[in-house]
Amino acid sequence: MSIAPHEAIGAAIAAARRSGRTALVGFLTAGFPSRDRFRDDLAAVAAAADVVEVGVPFSDPMADGTTIQRASFAALANGVTLPWILGEVAAVTAAGGAPILLMSYLNPLLAYGLERLPRAAAAAGVAGFIVPDLPFEERAELRGALDREGLALVQMVTPVTPPQRLERLCADARGFVYAVTMTGTTGASAEVPADVLAYMDRVRRAAPVPVCAGFGIRTREQVARFAGHVDGVVVGSALVEALERGEDPRAFLASLR
Amino acid sequence: MTSASGGDADTVASVPDRRGRFGPFGGRYVPETLVAALDRLQAGVDRYLANEDFQAEFRSELATWVGRPTALTRASTLSRRWGAEVWLKREDLAHTGAHKINNAVGQTLLAKRLGAKRIIAETGAGQHGVASAAAAARLGLPCTVYMGAVDVERQAPNVGRMKLLGATVVPVTTGDATLRVAIDEALRDWVADPEGTYYSIGSAVGPHPYPYLVRELQAVIGREARAQMLERTGALPDAAFACVGGGSNAIGLFHPFLADASVRLVGVEAGGRGEGLGDNAASLTYGTPGVLQGSYTLILQDEHGQVRETHSVSAGLDYSGVGPEHAYLLRTGRVAYEAASDAEALDALVECARHEGILPAIETAHAFAGARRYAATHPGARILIGCSGRGDKDMPILQRTVLEGLA
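Just so it is clear, the structure is predicted and the values come from calculations on it, not from any experiment.

Residue and element names in this part refer to chain A. Of all the seven residues making up strand S1 (residues 23-29), seven are buried; the element is thus mostly covered by neighbouring parts of the structure. A two-sided burial pattern is seen for S1, the buried positions comprising Ala 23, Val 25, Phe 27 and Thr 29 on one face and Leu 24, Gly 26 and Leu 28 on the other. Bridge count for S1 against strand S8 (residues 232-235) is four bridges, and the pairing is parallel. When the bridges of S8 are listed, Val 25 appears paired with Val 234. Viewed along the sheet, the connection from S1 through helix H2 (residues 38-48) into strand S2 (residues 51-55) turns out right-handed.

What follows is the structure, encoded as structure tokens:
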């Protein structure tokens, strides 16, 4: 590959923009609703979304709402582990498709070992990580380790991030900036008032990489509202629920465009 | 990372650093949404903890509403039975029945000054919930308490007390439905409203600055006990014991003694029904380093970093993690930690009740069990026990365990 994995994320989002679309970042919890079908589900999402986030289940998902909590607990009950996830991801990335990031709380990554994680992840074709309980001040060790393999550590910002801090967080971002739409956990349906769009505009001005909005995005109308203010939107709980209902993720994601 | 070597008192007393690190432990592992809220809390702690007006109001509330200083009781019969000199620091006599009120009053006063519109809290045994509800009622703030559904059932008397004090009690049914998931749920509430809500955490756990803040508010226990021991006996204790779940009463008792190298400090964890993962809640005894609920500490987890459910007969100790300062004090060797089983704790509870006329909380009874063990190998030792709370709340579980055994 001629470009680093973290650059592949931005390239995928830029390609969507060139074709006049807001990029779709699809999230699914690894091994949910079915451990056996996960590889097919992941391949389907990777074929339909511009970027994919695979949720590594954790026992204490404090930033997540009820849907992803439920998915995480069910996946853990199904015996899902990070080594298993890397194997499944490797099988899917071998066939190409959208860049895949892992979204994981810090502790499963610490248990795997920060020394061996980046190489194993890069070998599996992972493009980067999103770690919701790792704030900017605590990230140096993981960021350094991921940098060595060219993997992104995606930075989250929120509507309550103070302006100067926002600048600092964005300036050093890799992959994309994950702009959380609201205070709260994942999944709760968010309205998209004008001040949220103004905040997205501020993030976009500060960020040298694409900006994707996430948390509570469930409908085509919401996606349309963000168009022009962000480069992409993250669809998480709604996609997890569609998979849970047995719907084809390709059709569901197409319905949001 | 600071290396944690030796038990040097000056080093031990100077933690945490500005980043909230106790040696390698502590820190602040939270979603970005909470960073600004924690920065505001830190600024409030810096501004008010050393502020004379704040301290005057805190001292006044402790003296006239909480009932401090709490008594130091000589346990004459236990002394004779154990062949030691046993003293009890009576936090069970504090308003609402446990040491938790010291922290709840202090944090609620701080919340008022920071302009909070509501207080949220988690609770295990219900004692921090009751203390938070009482402090919020007194200071005129609405209060919501998250409590695991299992704990709601086994600590039913405290649920009623919280409701009478005007609090909303939210049962949490995820996971093992005990303290850990109650903290997760409180964090989710706070994430939803980081600017208007004050999260009054009940133990010396969580992201910086909570472990420091809670220690400072609870250190009144050890300061009083140290002065009372000197006044009553002319000497410091040879050893001091406290139970450890999250570890707030233990750090409160121990911290003022850290520089007294002659005083052996022992934290007693919940040994539950055995050593296996899931059979106890003894994170310092059996845990490994990891990040849980905002801090890097010792936790009970599997090889994949999944935090495991715990078991203890005592709801207040039934927690997979522990305050980061205890992990540090274990590593430096300044404090020793050991586990007492469910059966040992219940046995110690009955002994204290029968012979001293004091019904301690089941949590507290773990400290008695540790002290009794120590006395057996140290005849004549002067022993201080942190009697952290009273056992009235434990009647449903005592009915099923001890009383039915007696019948």
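Anyway, onward from the coordinates.
Now for the interface of chain A and chain B. Contact residues are listed per partner, giving 37 residues for chain A and 35 residues for chain B. Between chain A and chain B lies a buried interface of about 2,700 Å² when both sides are counted; carbon and sulfur atoms form 54% of it. Area buried by chain A at its contact with chain B is led by A:Asp60, A:Met62 and A:Glu138, which between them contribute 25% of it. Applying the counting criterion to the chain A and chain B interface returns four salt bridges. Between B:Glu32 and A:Arg165 there is a salt bridge; the shortest N-O distance is 2.9 Å. Where chain A packs against chain B, one counts 18 residue pairs in polar contact (both at pLDDT 80 or more). Within the residue set of the side of chain A that touches chain B, elements represented by two or more residues are helix H3 (66-77), helix H5 (106-112), strand S5 (152-157) and helix H8 (163-171) of chain A.

All right, on to unusual backbone geometry then. The linkage connecting A:Phe32 with the following residue, A:Pro33, adopts the cis geometry, with an omega of 0°. Looking at where A:Pro33 falls in the secondary structure, it is placed in the loop between S1 and H2. Residue B:Pro16 follows B:Val15 across a cis peptide bond; omega there is 0°. Mapped onto the elements of the fold, B:Pro16 is located in the loop between helix H1 (9-13) and strand S1 (21-22). A positive phi is found at A:Phe215, a non-glycine position, where the angle reads about 95°. With respect to the element layout, A:Phe215 can be found in the loop between strand S7 (211-214) and helix H10 (220-226). Residue classification places A:Phe215 among the buried positions, given a relative accessible area of 8%.

Thresholds applied
- Residues numbered from 1 in each chain as written.
- Chains lettered and ligands numbered in written order.
- Predicted model: local features only at pLDDT ≥ 70, side-chain atom pairs only at ≥ 80, totals over all residues.
- Heavy atoms only, no water.
- Buried < 20%, exposed > 50% of the residue type's maximum accessible area, 1.4 Å probe, protein only.
- Helix = DSSP H or I, 4+ residues; strand = E, 2+ residues; numbered from the N terminus.
- Pairing = 2+ DSSP bridges.
- Right-handed = clockwise from strand over helix to strand, strands pointing away.
- Contact = heavy atoms within 4.5 Å.
- Buried area = accessible area lost by both parts, 1.4 Å probe.
- Salt bridge = Lys/Arg side-chain N within 4 Å of Asp/Glu carboxyl O.
- Polar contact = N/O pair within 3.5 Å; in protein donor to acceptor, adjacent residues only side chain to side chain.

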